[in-house]
Amino acid sequence: MPYATTNPYTGEVVRTFDDATPEQIDAAIERADATFQEWRNTSPEERAAVLREAARLLRADKRRYAEILTLEMGKLIAEAEAEVELSAKILEYYVDKGAELLKPRYLPAEGFGSQDVQLVNQPLGVLFAVEPWNFPYYQVIRITAPQVTAGNTVLLKHASNVPQSALAMESLFREAGAPEGLLTNLFVPHSATERIIGDPRVRGVALTGSERAGAAIAALAAENLKKSTLELGGADAFIVLDDADVQKAADWAVFGRHWNAGQVCVSSKRLIVDDAVYDDFLARYREGVEALKAGDPLDPSTTLAPLSSQKAADDLAAQVVRAREEGVTVEAIGSPVPEQGAFYVPTLLTDIPEDGETFVTEFFGPVTQLYRATDEADAIRIANASPFGLGGSVFTNDPERGQRVSRALETGMVYINQPTGVKADIPFGGVKHSGYGHELIDLGITEFVNQKAVVVSDIDGSF
Ligand code: NAP
């Protein structure tokens, strides 16, 4: 897809951008590598200064940054401002903790003194980051903040529908005092990724996106023997047990399924409700969804945004048609949405056959998959019968039960009495088809460092 800003609320193509030429790609890699050779020797304070200033700039100009998100992918303006703030918080996390997280670790080893065996964290080099459009700043910051703190440099291939967001991230770092080449945006078609990943100066690849993109990029990384991390799709289970506060669970479910127009990898996509509270929950959930108001994402009273593009809305509609064809009960439960804009009316799917496509599919929009569970064990069974393993949540008034169920779920994250969240200081990552590797905290910063073992032997000359 060519890079273009198309307002999903008006349908207007606002601006288009040319792809980088092979020569421009090579020059960008060259510059990123040259910058790496200098940046790797900078002090933790120098690196932190850039991140601190980037956080300050984001906050100082929050509205302008937020409006770019709303323009390009239709995010509600309040959610866009929250994303700018979250991005600033991630930057500050590494300002505060980066140096500490990268300190050498001394290992107790047989036959050696307590300071003789160290693990030293050293950066790998130029990294290639392929990112999606649903959180155009947060995704870029989630990889860039830890990696430049570690001493790496980043080449960014952002999604083709958020080019101005990509440019905003590149210029943010420049304005924050980063050297040219620390974060470089590249408008490149899929076919160019082979050239980038194949370049020996590129040492690692991080992708957030769909399973299809993840498999393609990871295959290229493997062919070139490069480390990769994948943050892929999810179909988070949202389990409501029989002892849960049903109103609280319904309120959170309405939010968890519909924020960002339902286009979050950790949206509460599969509601799994104990038979004992199912009818009560569903009545309250319907009421909450019906109250959502679709409209102009810049209007603060709007609570349901358009999808990121008309194509996204059309693809979602086609998925729902396929669900109906395999016997799923399909019901619009939201109020009618405007004709103008890439809206999709909130829809409920029930009677989902466990041997069908719908059961294992991620719906990236305001479509709820609802399941009735006979008991706790059945809820866990349904939750784990998904190919995905990103996040999940469990609602119960019994803390021990919450812990027990959270441990039984095959996912990278579980939140008790809250939908899966996105936070600056809680790691992000999944298992199964949701990918591998982590982003954020120390787990993210060590994904692309050489944890080099340095061993000091007796130097008295004896053999
Ligand atoms: P997508 O199509 O996979 O796009 C993501 C990125 O990958 C874009 O930059 C896209 O570029 C690029 N891309 C796609 N195919 C490629 C290929 N063959 N070679 C090189 N680059 C390629 O994802 P999406 O459908 O827009 O985004 C939604 C998906 O991302 C959902 O599955 C969602 O759950 C997942 N997601 C996961 C996380 C997480 O942290 N786990 C977070 C957010 C989203 P173009 O735009 O140019 O196609």
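Residues numbered from 1 in each chain as written. Predicted model: local features only at pLDDT ≥ 70, side-chain atom pairs only at ≥ 80, totals over all residues. Heavy atoms only, no water.

A. Structural context of the environment of Asn-450. By the secondary structure assignment, Asn-450 is in strand S20 (residues 449-455). On a C-alpha basis, the gap between Asn-450 and Leu-119 in space is 9.1 Å, while along the polypeptide they are 331 residues apart. Each residue touching Asn-450, except ones within four places of it in the same chain, is listed here: Val-120, Asn-121, Gln-122 and Leu-124. (Helix = DSSP H or I, 4+ residues; strand = E, 2+ residues; numbered from the N terminus. Contact = heavy atoms within 4.5 Å.)

B. Structural detail: the sheet that holds strand S4 (residues 117-123). Taken in spatial order, the three strands line up as S3-S4-S20 in an open sheet, and their pairing is antiparallel. The two strands at the open ends of the sheet, each matched to only one other strand, are strand S3 (105-106) and S20. With two bridges joining them, S3 and S4 adopt antiparallel strand pairing. Residue pairing in the sheet places Arg-105 in a bridge with Leu-119 of S4. (Pairing = 2+ DSSP bridges.)

C. Quick peek at the nonpolar core. Formed by 63 residues in total, the largest nonpolar core has its most connected members in Ile-90, Leu-91, Leu-172, Phe-173 and Phe-428. Counting only elements with at least two residues in this core, the list comes to helix H2 (44-60), helix H3 (62-73), helix H4 (77-101), strand S5 (126-130), helix H5 (138-150), strand S6 (153-157), helix H6 (163-175) and helix H14 (441-445). With 10 residues, H4 is the largest single contributor of residues to this core. Mapped onto the domain boundaries, this core takes at least three residues apiece from domain 1 (3-232 + 434-454) and domain 2 (237-416). (Core = buried A, V, L, I, M, F, W, Y, C linked by side-chain atoms within 4.5 Å. Buried < 20%, exposed > 50% of the residue type's maximum accessible area, 1.4 Å probe, protein only. Domains from an automatic or database assignment.)

D. Representation of helix H9 (residues 246-258) within the structure. Here H9 contains 13 residues, and its C-alpha end-to-end distance of 18 Å stays within 8% of the 18 Å for a straight helix at 1.5 Å per residue. The set of residues buried in H9 consists of Val-246, Ala-249, Ala-250, Ala-253, Val-254, Gly-256, Arg-257 and His-258. Residues of H9 that are buried in the fold lie against strand S10 (237-240), strand S11 (270-274), helix H10 (275-290), strand S14 (367-373) and strand S16 (392-395). Trailing H9 by a residue or two, Asn-260 shows a phi angle of about 55 degrees, which is positive. (Expected span 1.5 Å × (residues − 1).)

E. Structural context of the pattern of salt bridges. Using the criterion set out here, one finds 30 salt bridges in the structure. One salt bridge connects Arg-63 with Glu-67, and the closest N-O pair in it is separated by 2.8 Å. Remark: Glu-67 and Arg-63 occur in helix H3; sequence separation between them is four residues, near one turn of the helix. Note on Arg-63: relative accessible area 39%, which makes it partly exposed. The class of Glu-67 is partly exposed, set by a relative accessible area of 36%. (Salt bridge = Lys/Arg side-chain N within 4 Å of Asp/Glu carboxyl O.)

F. Quick peek at the environment of Val-140. Counting through the fold element by element, Val-140 comes out in helix H5. Since its relative accessible area comes to 0%, Val-140 is described here as buried. Taking the C-alpha atoms as reference points, Val-140 and Val-246, separated by 106 residues in sequence, lie 36 Å from one another. Residues contacting Val-140, with those up to four places away along its chain left out, are Glu-131, Leu-156, His-158, Met-169 and Leu-183.

G. View of unusual backbone geometry. At Asn-417, a position not held by glycine, the phi torsion is positive, near 65 degrees. Mapped onto the elements, Asn-417 comes out in the loop between strand S17 (415-416) and strand S18 (431-432). Here Ile-441, not a glycine, exhibits a phi torsion of approximately 40 degrees, which is positive. Within the fold, Ile-441 resides in helix H14.

H. Quick look at the domain arrangement of the protein. For the protein, the assigned domains read domain 1 (3-232 + 434-454) and domain 2 (237-416). Computed over C-alpha atoms, the centres of domain 1 and domain 2 are 30 Å apart. Counting residues at the interface gives 20 residues for domain 1 and 25 residues for domain 2. Contact with domain 2 buries area across many residues of domain 1, yet Tyr-9, Leu-76 and Ser-434 alone supply 33% of it, more than any other trio. Linking domain 1 with domain 2 are zero salt bridges, by the criterion used here. Inspection of the domain 1/domain 2 interface yields nine residue pairs in polar contact (both at pLDDT 80 or more). (Buried area = accessible area lost by both parts, 1.4 Å probe. Polar contact = N/O pair within 3.5 Å; in protein donor to acceptor, adjacent residues only side chain to side chain.)

I. Just the side chain of Ser-228, in detail. For Ser-228, the location among the structural elements is in strand S9 (residues 227-231). The exposure class assigned to Ser-228 is buried, which follows from its relative accessible area of 11%. A distance of 2.8 Å separates polar atoms of two side chains, one belonging to Ser-228 and the other to Tyr-436. Aside from chain neighbours lying at most four places away, what touches Ser-228 is Val-205, Ala-218, Ala-221 and Tyr-436.

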